[in-house]
Amino acid sequence: MLLSPEKQQYYMGIAFAVRKRANCVGRKVGALLVVENRIISTGYNGTPEGLTNCNDGGCHRCANRAAYQSSVGYDVCICVHAEQNALLSAARFGIAVSGAATFTTLKPCFGCAKELFQANVRTLYYLDEWVYPRQELQEQYADLLRRFDVINVATVDPEAEWARGGASTRPSVDDLGHQQL
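## So, the pairing of strand 5 (residues 149-152)
Along any regular strand the residues' side chains alternate between the sheet's two faces.
For step 1, the next point in the chain: Inspection of the sheet shows strand 4 (residues 123-128) paired to strand 5 by 4 bridges, in the parallel sense. Note on strand 5: the bridge partner recorded for tyrosine 125 is isoleucine 151.
For step 2, the next point in the chain: Considered for its hand, the β-α-β crossover made up of strand 4, helix 5 (residues 138-145) and strand 5 is right-handed.

## Side note on the sheet that holds strand 1 (residues 30-35)
For step 1, the next point in the chain: The strand order across the open sheet formed by 5 strands is 2-1-3-4-5, and the pairing between neighbours is mixed. Of all the strands in the sheet, the pair left with one neighbour each is strand 2 (38-44) and strand 5. On average, each strand axis in the sheet is inclined to that of its neighbour by 20 degrees, with strand direction left out of account.
For step 2, the next point in the chain: Sheet topology note: the strand 3 (residues 101-106)/strand 4 ladder contains 5 bridges and is parallel.

## Topic: the environment of glycine 73
For step 1, the next point in the chain: Within the secondary structure, glycine 73 is located in the loop between helix 2 (60-63) and helix 3 (82-92).
For step 2, the next point in the chain: For glycine 73, a relative accessible area of 11% translates into the label buried.
For step 3, the next point in the chain: Taking the C-alpha atoms as reference, glycine 73 lies 6.7 Å from arginine 61; in sequence the two are 12 residues apart.
For step 4, the next point in the chain: Excluding residues within four positions of it along the chain, glycine 73 makes contact with Arg61 and Tyr68.

## Things to note about the pattern of salt bridges
For step 1, the next point in the chain: All chains considered together, the criterion is met by 11 salt bridges.
For step 2, the next point in the chain: Two residues, arginine 27 and aspartate 128, come together in a salt bridge whose shortest N-O distance is 3.3 Å. Of this pair, arginine 27 sits in the loop between helix 1 (5-19) and strand 1 while aspartate 128 is found in strand 4, placing the two residues 101 residues apart along the sequence.
For step 3, the next point in the chain: Classification of arginine 27 as partly exposed rests on a relative accessible area of 29%.
For step 4, the next point in the chain: Overall, aspartate 128 belongs to the buried group, its relative accessible area being 12%.
For step 5, the next point in the chain: Across the pair arginine 146 and aspartate 143 runs a salt bridge, and its minimum N-O distance is 3.8 Å.
For step 6, the next point in the chain: You can call aspartate 143 partly exposed: its relative accessible area is 32%.
For step 7, the next point in the chain: Through salt bridges with shared partners, a single network forms among Arg19, Lys20, Asp157 and Glu159.

The rules behind each value
- Every residue gets a number counted from 1 within its own chain, in the order that chain's sequence is written.
- Where totals are concerned, whole chains, interfaces and linings use all residues; where local detail is concerned, this predicted model gives features only for residues with pLDDT of at least 70, and gives and counts side-chain atom pairs only at 80 or more.
- Calculation of side-chain values draws on the structure's entire complement of heavy atoms; hydrogens and water are dropped beforehand.
- When DSSP finds two or more bridges between two strands, those strands count as paired.
- Only DSSP runs of H or I covering at least 4 residues are called helices, and only runs of E covering at least 2 are called strands; the numbering of each starts at the N terminus.
- When the strands point away from the viewer and the path from the first strand over the helix to the second turns clockwise, the crossover is right-handed.
- Between N-to-C directions, angles cover 0 to 180 degrees, with each direction set by a line fitted to C-alpha atoms, over the stretch in contact for helices.
- Here the term buried applies to any residue with accessible area under 20% of the maximum for its type, exposed to any over 50%, and partly exposed to those in between, with areas from a 1.4 Å probe on protein chains only.
- Two residues qualify as a contact provided that any one of their heavy atoms is within 4.5 Å of a heavy atom in the partner residue.
- Basic side-chain nitrogens of Lys or Arg form a salt bridge, by our definition, when they fall within 4 Å of a carboxyl oxygen of Asp or Glu.

Written out as C-alpha cells, the structure reads:
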C-alpha cells in the first residue's frame, strides 16, 4: 500500500501521538497498522498491561542499562515493542492485519520485522533509521526487509530528543493523549 507523501505524514503524525504513551526509559516508539486507509490498531513500547511501567523500574534491563550492550539482554527485557503491541492489540480484538501497512517512528527491529512479515504486513513506513547492531547479521536483517515495501517518511519529528531518550521528561499530555501547551 503506497501512499502519497501527505497521507504518509498524516499517519506518522498519529504515530507521534501514540508514542506519547510509551513508558520505556530508552527509545519511545509509536506504531499503527493501516488497512485500506483505516487505522485498525496502534501500539507503543512499554511493559505489558498490569505490570510496573519501565520508567518506574518495572524492567530489569532498562533499570540496569549500563550492564547491557546494544542488542543484548532482550530475553530479560519485559517491554513489548510498539509494532508488537499493535499486532497484539489487533489479535486481542479479532482484527485481521493481512495486507496492512505499518507506520512506526523507528524502523522495526529484527524481531518486529519477522513478526510483521509473518502477519502478512507488507509495507513498512518508518521515520528514524535503525541498523541491526551485530555486523554478522546485518545482511540477514536486510534480506528480511527486502520482502516489504520499505518507505522512509520525510517529516520532522517535533520531539526527537525526548523520543531518543535524550530529554528526561515526557511532553505533558492529558488522559486523552493531547499535548498540553
